[in-house]
Amino acid sequence: MRPFLRLLPLLLAVPVAAAKPLPDTVVRQAAARIDQLLAADLQRAELKPAPRIDDATFLRRAYLGVIGRIPSADEAAGFLNDASTGKREALIDRLTASPGFDSHLFNWAADLLRVQTRQEQFGLGWHVWLRKSLAEDKPWDAMVSEMLSSNGHCSTDPAVGYYLRDRNMQLDNFSNTMQVFLGRQIGCAQCHDHPFDDWSQYEYYEMAAFGGGIQYRSGEAQDAINKAVAELNPGTTTTVASKKQKREKQNLSRSLANQFRPLFKELGKNAIVDNPDSQLRLPDDYQYRDGKPGQAIPPATLFGEKLTHITPENRRESFAGWVVSPNNPYFTKSITNRLWQRTFGHALIGTADDLKDDSETFHPELVAFLDTTMKEADYDLRQFLRILFHTRLFQQECLTEEPAMGEPVAFTGPALTRMTAEQLHDSFLVLSNGQVDDSANGSLARSWESYTEQIRTLLQAETRDLLVLAESAKQGEELERKAQTELRAAQKVLAAADTPEARRKAQAALQQARVRFQQARSQADPLRSMQMVKKKPGRGGGKKSTLRASELPAPFNPGTLVREFGGSDRQTPSSGTTEATIPQALALLNDSDTDILTGRRSTLGRKLAALPTPGARLDQLFLTLFADRPADSEKQRLLPHANDDTALRDLATAMLTSNRFIFIQ
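Residues numbered from 1 in each chain as written. Predicted model: local features only at pLDDT ≥ 70, side-chain atom pairs only at ≥ 80, totals over all residues. Heavy atoms only, no water.

1. A look at empty space enclosed by the protein
The final tally for this structure, using the stated rule, is 7 cavities of 30 Å³ or more. Of the pockets and cavities examined, the largest cavity occupies roughly 100 Å³. Listing elements by their share of the lining of the largest cavity, those giving two or more residues are helix H10 (170-182), helix H11 (201-208) and helix H15 (315-324). The biggest single contributor to the lining of the largest cavity is H10, with 4 residues. A per-class count over the lining of the largest cavity returns 8 nonpolar, 4 polar and 1 charged. Lining the second largest cavity, in full, are Ser72, Ala73, Asp74, Val430, Leu431, Gly434, Thr603, Leu604, Lys607, Gln620 and Thr624. For the lining of the second largest cavity, the secondary-structure elements that each account for two or more residues are helix H4 (73-81), helix H19 (421-433), helix H26 (603-610) and helix H27 (614-626). In terms of residue class, the lining of the second largest cavity is made up of 4 nonpolar, 5 polar and 2 charged. (1 Å grid on protein atoms, 1.4 Å probe; cavity = no way out; pocket = protein on both sides within 12 Å on 5 of 7 lines; lining within 4 Å. Points joined across faces, edges and corners; volume = space filled by probe spheres on them. Helix = DSSP H or I, 4+ residues; strand = E, 2+ residues; numbered from the N terminus. Nonpolar A, V, L, I, M, F, W, Y, C, P; charged D, E, K, R; others polar.)

Quick look at the structure:
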């Protein structure tokens with residue numbers, strides 16, 4: 001029996017349905033087994049594990065690593081004052097079970113999946129669905145399967161956002177699927193045989209053919225149109241209807257359908273269907289001998305289990321099952337590798353986005369053990385991460401040297417990492433407000449519920465109501481075109497105005513034209529015509545927001561603190577970066593969001609002003625920024641700076657821009 005299998009009886013003793021949360025005994029022993037495997041590998045290589053970090057360093061690492069923000073001064077003081085021996089383990093369990101964990105994990109998952117909240121209405125639905133799924137501990141394999149097999153309109157299946165994110169870019173979506181969920185980079189084979197791996201362009205198209213039936217339209221909308229047309233133009237039998245009558249009725253049906261289609265335009269932009277008769281074809285410029293340009297390609301798997309008897313109706317369901325299968329050689333390995341990198345700073349095997357058959361690892365038995373652990377934990381990300389957070393490795397000092405590029409990492413300790421942009425955003429909320437509400441932003445969910453209710457109302461509307469809406473929408477479109485012409489004319493008048501009085505009149509006329517244009521657009525929108533307000537989420541990352549980064553629409557707007565510090569633009573998987581720039585340094589010195597002492601909303605500034613002595617002010621500043629109290633040498637050197645407001649502000653700025661604050665030690 002291999003050593004990593006010794007823990008299997010403990011894991012298997014916990015029924016899957018009851019494994020949330022995993023019993024403390026299972027978590028502690030799984031974490032201990034990880035440490036044993038690491039220690040054995042280091043001993044064979046004559047390496048020593050890094051020393052254990054002190055309480056203050058652990059406290060800050062735990063808060064940032066588990067819930068994505070620094071602790072408040074009160075939270076830091078409470079932990080440091082606690083003399084109990086098991087306080088570290090208790091803190092990990094409490095943080096892992098908290099809403100803050102959900103918030104931090106969502107930032108990571110949304111960046112990986114490239115969720116864009118404001119991308120049509122499906123973006124909002126996908127955001128809400130993902131946030132809720134993670135908070136409810138939906139297993140990772142179930143989430144992935146739901147996304148890959150999703151179908152219909154986003155109001156009934158928000159997971160279709162995964163495909164709608166790449167509307168009309170099916171091949172790119174497939175490449176991202178292989179990278180995100182299986183850690184395989186096969187995008188090169190989209191255009192030619194892969195130059196470094198044994199994959200041909202033909203094999204790439206065979207894999208992509210599982211999605212060959214995807215079409216971007218709404219089956220629900222077509223059903224509603226067909227129903228309304230059938231009521232207004234009942235069919236006749238061939239025995240009583242002449243060819244002329246049939247032709248007239250067919251023309252009337254087409255005319256009625258065209259009349260109703262604008263009502264359901266919103267549905268068509270936010271839905272997909274599978275067409276069993278549609279197939280993926282080789283490109284017109286295909287040059288290899290194993291296929292012909294334009295040839296239809298049947299689906300086939302590139303590696304792992306070979307799928308047979310794939311019916312056109314079940315292509316994507318078959319593909320989803322193949323991806324998440326425990327027998328898939330990369331699915332489990334990919335997610336464990338990603339979560340290990342998220343927790344300890346470096347991937348355990350190869351790179352998280354490019355696992356290869358020959359990828360090397362310094363800890364092969366540990367890779368196998370983590371694979372088993374993830375499966376036995378039922379792909380529960382919270383419980384798997386909880387195990388990692390309970391390891392001795394999580395409490396060891398950081399690596400002192402950056403590993404060589406491409407070389408497997410010997411984990412004597414975690415990597416030294418800088419806070420992510422989202423961690424900085426949320427930590428500044430702590431500095432400004434003293435505490436942070438880690439709960440989900442209900443306004444996004446309410447906006448989504450409002451939209452889905454509008455869609456249900458439209459689909460269930462009586463035919464006579466649809467006729468009224470269709471006429472109103474038609475009139476609205478005519479008014480919109482007219483109002484748009486007037487708006488452009490008013491803009492030209494303003495541009496040509498050459499006196500203050502003329503500009504004043506032109507600006508007033510332009511404002512009136514804008515109002516008329518918005519009113520016309522509302523009338524042309526059937527959902528607004530039903531006197532319902534289509535709420536849109538607010539602008540992402542507004543400078544005065546008090547919400548955590550996960551509770552705001554993403555991606556954040558350029559110029560916001562999150563984007564300035566490398567926040568993802570959600571264009572490619574995991575595109576957030578922690579690379580340092582000069583504008584970041586300037587933002588720490590000058591941005592209103594980083595003004596933690598003089599800002600009008602600064603809780604810290606008010607607290608410091610109310611403290612009676614320089615020593616108390618210095619303690620408060622250290623607890624707030626570093627989750628620690630100043631050492632005697634620091635007190636001796638820095639107490640003079642806590643005597644007056646100007647010196648204290650300079651000291652706070654120096655601490656805020658220091659590596660001790662920016663980095664997760």
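On we go.
2. So, the environment of aspartate 285
You can see aspartate 285 is positioned in the loop between strand S3 (271-274) and H15. Linking aspartate 285 and alanine 209, residues 76 residues apart in sequence, is a C-alpha distance of 18 Å.

3. Looking at unusual backbone geometry
Put simply, alanine 554 and proline 555 share a cis peptide bond, and its omega is 0 degrees. Examined against the element boundaries, proline 555 turns out to sit in the loop between helix H23 (526-529) and helix H24 (561-564). For arginine 114, which is not a glycine, the phi torsion comes out positive at approximately 70 degrees. Relative to the helices and strands, arginine 114 resides in the loop between helix H6 (99-113) and helix H7 (120-135). The backbone of alanine 627 sits at a positive phi, close to 55 degrees, despite the residue not being glycine. Along the chain, the position of alanine 627 falls in the loop between H27 and helix H28 (632-638).

4. Describing the packing of aromatic side chains
The tally for this structure, following the rule as stated, stands at 22 aromatic pairs. On the numbers, 5.3 Å between centres and 50 degrees between planes, the contact of phenylalanine 303 with tryptophan 322 is tilted. Placement of the pair is phenylalanine 303 in the loop between S3 and H15 and tryptophan 322 in helix H15, with a sequence separation of 19 residues. Overall, the relative accessible area of 12% leaves phenylalanine 303 in the buried class. Put simply, the rings of Phe174, Tyr204, Tyr205, Phe210, Phe303, Phe319, Trp322 and Tyr330 touch in pairs and so form one group of aromatic residues. Positioned over the ring face of phenylalanine 79 is lysine 87, at 4.5 Å from the centre of the ring. Above the face of the tyrosine 330 ring, arginine 184 is positioned so that its terminal group lies 4.2 Å from the ring centre. (Phe/Tyr/Trp six-rings, centres within 6.5 Å; stacked < 30°, edge-to-face > 60°. Buried < 20%, exposed > 50% of the residue type's maximum accessible area, 1.4 Å probe, protein only. Lys NZ or Arg CZ within 6 Å of the ring centre and 35° of its normal.)

5. Section: the nonpolar core
Leu130, Trp140, Phe181, Phe260, Phe264, Val323 and Trp340 are the most contacted members of the largest nonpolar core, which has 128 residues in total. The element contributing the most residues to this core is H6, with 8 residues. Among residues more than four places away in sequence, those in contact with phenylalanine 181 are Leu113, Trp140, Val144, Met147, Leu148, Tyr162, Val323, Tyr330, Phe331 and Ser334. (Core = buried A, V, L, I, M, F, W, Y, C linked by side-chain atoms within 4.5 Å. Contact = heavy atoms within 4.5 Å.)

6. Some remarks on the pattern of salt bridges
Per the counting criterion, the structure on display carries 26 salt bridges. Arginine 28 is the salt-bridge partner of aspartate 93, the closest N and O atoms lying 2.9 Å from each other. Of this pair, aspartate 93 sits in helix H5 (residues 87-96) while arginine 28 sits in helix H2 (residues 24-44), placing them 65 residues apart in sequence. Judged by its relative accessible area of 18%, aspartate 93 is buried. A salt bridge links aspartate 102 to arginine 382; the shortest N-O distance between them is 2.6 Å. (Salt bridge = Lys/Arg side-chain N within 4 Å of Asp/Glu carboxyl O.)

7. Quick word on a nonpolar patch on the surface
A cluster of nonpolar side chains, contributed by Ile582, Leu586 and Leu589, occupies part of the molecular surface with about 320 Å² of accessible area. In this structure, isoleucine 582 sits in helix H25 (residues 582-590). Here isoleucine 582 falls in the exposed class, since its relative accessible area comes to 63%. (Patch = residues over 30% accessible without salt bridge, like charges linked within 9 Å, V, L, I, M, F, W, Y side chains within 5 Å. Areas by Shrake-Rupley, 256 points an atom, 1.4 Å probe, with all protein chains shown as cover.)

8. Regarding the environment of cysteine 398
Following the sequence through the fold, cysteine 398 ends up in the loop between helix H18 (381-389) and strand S4 (417-418). Measuring from C-alpha to C-alpha, the distance between cysteine 398 and proline 139 comes to 31 Å, with 259 residues separating the pair along the chain.

9. A few points about the packing of helix H3 (residues 55-67) against H4
Closest axis-to-axis distance for the H3/H4 pair is 10 Å, and the angle between their directions is 135 degrees. In this view, H3 runs oblique relative to H4, as classed from their interaxial angle. Of the two possible hands of crossing, H3 and H4 adopt the one that is right-handed. Contacts between H3 and H4 involve Asp55, Ala56, Phe58, Leu59 and Tyr63 from the former and Glu75, Ala76, Phe79 and Leu80 from the latter. Its residues assigned to classes, the contact of H3 with H4 comprises 7 nonpolar, no polar and 2 charged. (Axes fitted to C-alpha atoms, helices over the stretch in contact; angles between N-to-C directions. Parallel < 35°, antiparallel > 145°, perpendicular 65-115°, else oblique. Left-handed = near helix turned anticlockwise from the far one by under 90°.)

10. Observations regarding the side chain of asparagine 233
Mapped onto the elements, asparagine 233 comes out in the loop between helix H12 (219-232) and helix H13 (243-260). Looking at asparagine 233, its side chain comes within polar contact range of the side chain of serine 253, at 2.7 Å. Other than its neighbours up to four places away in sequence, asparagine 233 contacts Lys249, Leu252, Ser253 and Leu256. (Polar contact = N/O pair within 3.5 Å; in protein donor to acceptor, adjacent residues only side chain to side chain.)

Bear in mind that shape data such as this cannot, by itself, settle questions of function.
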